[in-house]
Amino acid sequence: MADLATCPPLTSDSVRAAHPLISPYIHQTPVLTSQTLNRIASTPQKEPALKHTAFEGQQPSSPVFRLYFKCENLQKIGAFKARGAFHALLRLCSELGIEEVRKRGVTTHSSGNHAQALALAASSLDIPAHIVMPSISTKSKIAGTRAYNARVLFSGSTEPERVAVVKQVIEDTGAILVPPYDHPDIILGQGTAGLELETQVADLLKKDQGTGTAASQDHDGPLDAVIAPLGGGGLLAGTATYFSSKPATFVFGAEPSFQGGDDGRRGLMGGARIPEVSTLTIADGLRTPVGEVNWTVISDREMVRGVFAVTEDQIKEAMKLILERLKLVVEPSAAVPLAVILFDEEFRRIVEKEGGKKGWDVGVILSGGNTTVEAICKLYGEE
């Protein structure tokens, strides 16, 4: 990768600088709203939902939400990862020269979305790509990676197993590593989704104010909060980096709780990054531990206000609502933020307390849509 010493700083200005660099190569994905999902999210949970929680026996909260969904499932390769991959590769070419990068090629390890993103970016710039993927990766993601003429090699499912194969590729070919999430250039590229989201929501609110349907804005920026999924942390760290210059907009993370997949939340509670995670959550894009560079952002309470975790059933329910109400195909990882909004009583009480009767305008980043009909049928086949 580009030398850390020469990387732009992790600031909102650096995210703004990244955006025009990658804009010719990516989609500006749409922002959608849903009155139905606003109503469902703003309805108090039924009391049985609070059983076996810290809020058992208490009156359910009554937050007011207006949700804005940033549809990165409609991004190139079907996920936000295209942003970071293009930014990292373009920065690498600017530092080493494109001919040197073409001579050596690039490599990475990924279960699917970053694999496809780097394969696309490399193909667009005529650079050889060697992509290491766990052998249990979704067949459609493997096929998508190969569709961009990348060389695909397989590894075990754990991060140490992936890294071992990548090291061998580097020794054999001289390829340059483009990490899936733990690098400033990746973080800054991912942060451009937040930049677009803010601009698009501001435009939507202007239109609504013209029709008299928008809530009045009494702070700097159109959004009270943004919530993004947390796996390796590139998207959440990038989002927090962009909004670091917007103190009135809070940034939150969302994780699966299954088999310790909530390493970010647990790490914040314990005051230290958790370096290893072993979970088979249905949110397969969130199975990785938070990266070291990303942790420096996510662990800063002025950057990320909090991280919340949800169950597998809650993720499935949120994904079902996105499919049925927004008419969008998303992967389980993308549904985790909505699940937090719908089911995490601690988060909901923050919105109730601080939003009051006016409520909050909340941006929700739908991180990707790389799933299959077969996978969706398997998730809901027993219902």
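Only a predicted model underlies this, so the values are computations on that prediction, with no experimental measurement involved.

A. The arrangement of the overall build of the chain in detail. Across its full length, the chain carries 15 helices and 10 strands. Computed over its C-alpha atoms, the radius of gyration of the chain comes to 20 Å, within 12% of the 21 Å expected for a compact globule of 383 residues. With the C-alpha coordinates of the chain rotated into their principal frame, the extents come out at 60 × 45 × 40 Å. A total of 383 residues make up the chain; the buried ones form 57% of that total. When contacts within the chain are restricted to residue pairs at least 6 apart in sequence, long-range pairs at least 24 apart make up 76% of them. On the chain, roughly 15800 Å² of surface is accessible, and the fraction owed to carbon and sulfur atoms is 52%. Here the chain contributes 38 positive and 44 negative side-chain charges, whose respective centroids are spaced 4 Å apart.

B. Inspection of the nonpolar core at higher detail. One finds Leu67, Ile341, Val362 and Leu366 to be the most contacted residues of the largest nonpolar core, which totals 40 residues. Sequence-distant contacts of Leu67, that is, excluding residues within four places in its chain, are made with Leu32, Thr33, Leu37, Asn38, Ala41, Leu338, Ile341, Val362 and Val364. In this structure, Ala85, Phe86, Ala121 and Ile131 belong to the second largest nonpolar core, which totals 32 residues.

C. Quick look at the environment of Ile376. Within the secondary structure layout, Ile376 lies in helix α15 (residues 373-380). For the pair Ile376 and Glu331, spaced 45 residues apart in the sequence, the C-alpha separation amounts to 8.6 Å. Excluding anything up to four places from it in sequence, Ile376 contacts Met319, Leu323, Val329 and Thr371.

D. Spotlight on unusual backbone geometry. Of note in this structure, Gln259 is not a glycine but carries a positive phi near 50°. If you check the backbone angles, Lys327 has positive phi at about 60° while not being a glycine. Inspection of the secondary structure assignment puts Lys327 in the loop between α12 (312-326) and α13 (332-343).

E. Main features of the side chain of Thr279. Counting through the fold element by element, Thr279 comes out in the loop between α10 (263-270) and α11 (292-298). For Thr279, the residues in contact, after removing those within four places along its chain, are Phe258, Gln259, Gly261 and Arg287.

F. Summary view of the sheet that holds strand β6 (residues 176-177). Pairing is parallel across the open sheet formed by 4 strands, whose spatial order is β5-β4-β3-β6. Each having just a single partner strand, β5 (151-155) and β6 make up the two edges of the open sheet. Lying over the sheet, helix α7 (residues 159-173) contacts β3 (106-109), β4 (129-134), β5 and β6, oriented at roughly 170° with respect to β3.

G. Looking closely at the sheet that holds strand β7 (residues 225-229). The strand order β1-β2-β10-β7-β8-β9 describes an open sheet built from 6 strands, whose pairing is mixed. With partners counted over all chains shown, the strands left at the sheet margins are β1 (31-32) and β9 (306-310), one partner each. Pairing analysis gives 5 bridges linking strand β8 (residues 250-256) to β9, with the strands arranged parallel. For Gly253, the partnering residue across the bridge sits in β9 and is Val307. The strands touched by helix α14 (residues 345-355) are β2 (65-71), β8, β9 and β10 (360-366); relative to β10, the strand with the most contacts, the crossing angle is about 145°.

H. Spotlight on the state of the cysteines. Inspection of every chain in the model, using the stated rule, returns 0 disulfides. No disulfide involves Cys7; its sulfur sits 14 Å from that of Cys93, the nearest cysteine. Of the residues examined, Cys93 reaches a relative accessible area of 11% and is grouped as buried.

I. A look at the environment of Thr6. Following the sequence through the fold, Thr6 ends up in the segment before α1 (12-22). In contact with Thr6, not counting residues within four places along its chain, are Arg91 and Glu95.

J. Representation of the pattern of salt bridges in the model. According to the stated counting rule, one finds 16 salt bridges in the structure shown. Note that Glu196 and Lys70 form a salt bridge whose closest N and O atoms lie 2.8 Å from each other. Pair noted here: Glu196 is in helix α8 (residues 184-211) and Lys70 is in strand β2, with a separation of 126 residues, a long-range link. We classify Glu196 as buried; its relative accessible area is 3%. You can call Lys70 buried: its relative accessible area is 0%. In this structure, Glu198 and Lys246 form a salt bridge, with 3.5 Å as the shortest nitrogen-oxygen distance. Taken together, the positions of Glu198 in helix α8 and Lys246 in the loop between α9 (234-243) and β8 put the pair 48 residues apart, joining distant regions of the chain. Pair check on accessibility: Glu198 and Lys246 agree, each one buried. It is possible to trace a salt-bridge network through shared partners that takes in Lys70, Glu72, Arg83 and Glu196.

Cut-offs and rules
Residues numbered from 1 in each chain as written. Predicted model: local features only at pLDDT ≥ 70, side-chain atom pairs only at ≥ 80, totals over all residues. Heavy atoms only, no water. Helix = DSSP H or I, 4+ residues; strand = E, 2+ residues; numbered from the N terminus. Rg over C-alpha atoms; globule rule 2.2 N^0.38 Å. Buried < 20%, exposed > 50% of the residue type's maximum accessible area, 1.4 Å probe, protein only. Contact = heavy atoms within 4.5 Å. Areas by Shrake-Rupley, 256 points an atom, 1.4 Å probe, with all protein chains shown as cover. Lys, Arg positive; Asp, Glu negative; His and termini not counted. Charge placed at Lys NZ, Arg CZ, Asp CG, Glu CD. Core = buried A, V, L, I, M, F, W, Y, C linked by side-chain atoms within 4.5 Å. Pairing = 2+ DSSP bridges. Axes fitted to C-alpha atoms, helices over the stretch in contact; angles between N-to-C directions. Disulfide = S-S within 2.5 Å. Salt bridge = Lys/Arg side-chain N within 4 Å of Asp/Glu carboxyl O.

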